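Summary of structural features
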Amino acid sequence: MIKKIESIKNLKVYPNILFSNRGTTAIVYRINANEVIKLYTNSLRRDILFRTRDMNFLLEKLSKTNLNSFVSPKDIYVDKANNILGYSMDYIRGNYTNRLDLDIYLDDLIEAIKKLDQDNRCISMENYSILDLHEKNMKYDGKYFKIFDLDGGYFKVNDTYEDIYEANSQIIKKVIVKGIYGVNSLKELNSNSLDFMDCYYKGTLLEMFEYIKKSTNSWCPTVNDARKVLRRNCVTYDNYYRMF
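Observations concerning the overall build of the protein
Check the secondary structure of the protein and you find seven helices and 13 strands. Buried residues in the protein amount to 49% of all 244 residues. For the protein, contacts bridging at least 24 residues in sequence account for 69% of all contacts bridging at least 6. Carbon and sulfur atoms form 47% of the exposed surface of the protein, whose accessible area is close to 13,000 Å².

Given below as structure tokens:
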């Protein structure tokens, strides 16, 4: 829903009591127990974001998305001139992907991954392309993986569903794998295991995690079991390239 206000000063937020998080394009505040608002700041990254996509179209179309794994905008706030000031969305509880509880069973993650893959197929069918996904805009809430800050992506109307779905899957896969390993998404993984690297770069989302599970040689492996295997077989190197 579009909400027109005179100024962001009219919004009731709790910057010091509940939650506040400053990013490169916006500041996120809690507005109640279950909802946050993302308010855009005057910055170079914000200007690039608005120049490279139709934000009105993007946010309105995303607001109609109803998927468990993708957190869509709710209310879109504009000023009198219809300039976008920000938008609200559900507050997501849970752990960021690089801070997963080590006692989580891989079987539980795999069930969440199956649902995430289904939702990715749905949003890819709408031509939505994920961009700039990292551990700060993806959480695991104990049942689902949740991707938010969707305004970083855009709709690729000239690309095929297959190409968009595959690209989205690869981005999602790498962020979650790095999360299990406990590394920042700006770092890339490199392994002594050719099978791991083949799955990491070419395997499907589900194939990757079935491989990780199998590699633990455990009957009911946890994130900690997987991390031990990855630490034996993987090294990391910095990759500071980020797409806008």
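Now that the structure has been shown, the text picks up again.
So, the pattern of salt bridges
Taken as a whole and assessed by the stated rule, the structure comprises 13 salt bridges. Among the salt bridges present, the one from arginine 45 reaches aspartate 132, with a minimum N-O distance of 3.8 Å. Here aspartate 132 lies in the loop between β8 (128-129) and β9 (138-140) and arginine 45 lies in helix α1 (residues 44-51), a separation of 87 residues in the sequence. Looking at aspartate 132, the relative accessible area reads 23%, which means it is partly exposed.

Some details on the side chain of serine 193
With respect to the element layout, serine 193 can be found in the loop between β12 (187-191) and α5 (194-202). Owing to a relative accessible area of 17%, serine 193 belongs among the buried residues under this scheme. Within the structure, the side chain of serine 193 is placed 3.3 Å from the side chain of tyrosine 211, a separation counted as a polar contact.

Focus on the environment of arginine 99
Structurally, the position occupied by arginine 99 is in the loop between β7 (95-96) and α3 (106-125). For arginine 99, a relative accessible area of 59% corresponds to the exposed category. Separated by 36 residues in the primary sequence, arginine 99 and glutamate 135 place their C-alpha atoms 8.7 Å from one another.

Focus on helix α7 (residues 223-233)
Val223, Ala226, Arg227, Val229 and Leu230 are the residues of α7 that are buried. Buried positions in α7, seen along its axis, are confined to an arc of 165° and lie on one side of it. Relative to its buried face, α7 has exposed residues pointing more than 90 degrees away, namely Arg231 and Arg232.

Observations regarding the packing of aromatic side chains
Going through the model one piece at a time under the given rule, you end up with nine aromatic pairs. Consider the rings of tyrosine 128 and phenylalanine 155, whose centres lie 5.5 Å apart with planes at 65°: the pair is edge-to-face. On the criterion of sequence distance, the pair formed by tyrosine 128 in strand β8 and phenylalanine 155 in strand β11 (residues 154-155) is long-range, its members being 27 residues apart. Its relative accessible area of 2% is what places tyrosine 128 among the buried residues. Classification of phenylalanine 155 as buried rests on a relative accessible area of 13%. Note on tyrosine 140 and phenylalanine 145: the rings are 5.2 Å apart at their centroids and 45° apart in plane angle, and the pair reads as tilted. For the residue pair tyrosine 140 and phenylalanine 145, the accessibility class agrees, reading buried in each case.

Reading the values: rules and limits
- Residues numbered from 1 in each chain as written.
- Predicted model: local features only at pLDDT ≥ 70, side-chain atom pairs only at ≥ 80, totals over all residues.
- Heavy atoms only, no water.
- Helix = DSSP H or I, 4+ residues; strand = E, 2+ residues; numbered from the N terminus.
- Buried < 20%, exposed > 50% of the residue type's maximum accessible area, 1.4 Å probe, protein only.
- Contact = heavy atoms within 4.5 Å.
- Areas by Shrake-Rupley, 256 points an atom, 1.4 Å probe, with all protein chains shown as cover.
- Salt bridge = Lys/Arg side-chain N within 4 Å of Asp/Glu carboxyl O.
- Polar contact = N/O pair within 3.5 Å; in protein donor to acceptor, adjacent residues only side chain to side chain.
- Arc of directions from axis to C-beta.
- Phe/Tyr/Trp six-rings, centres within 6.5 Å; stacked < 30°, edge-to-face > 60°.

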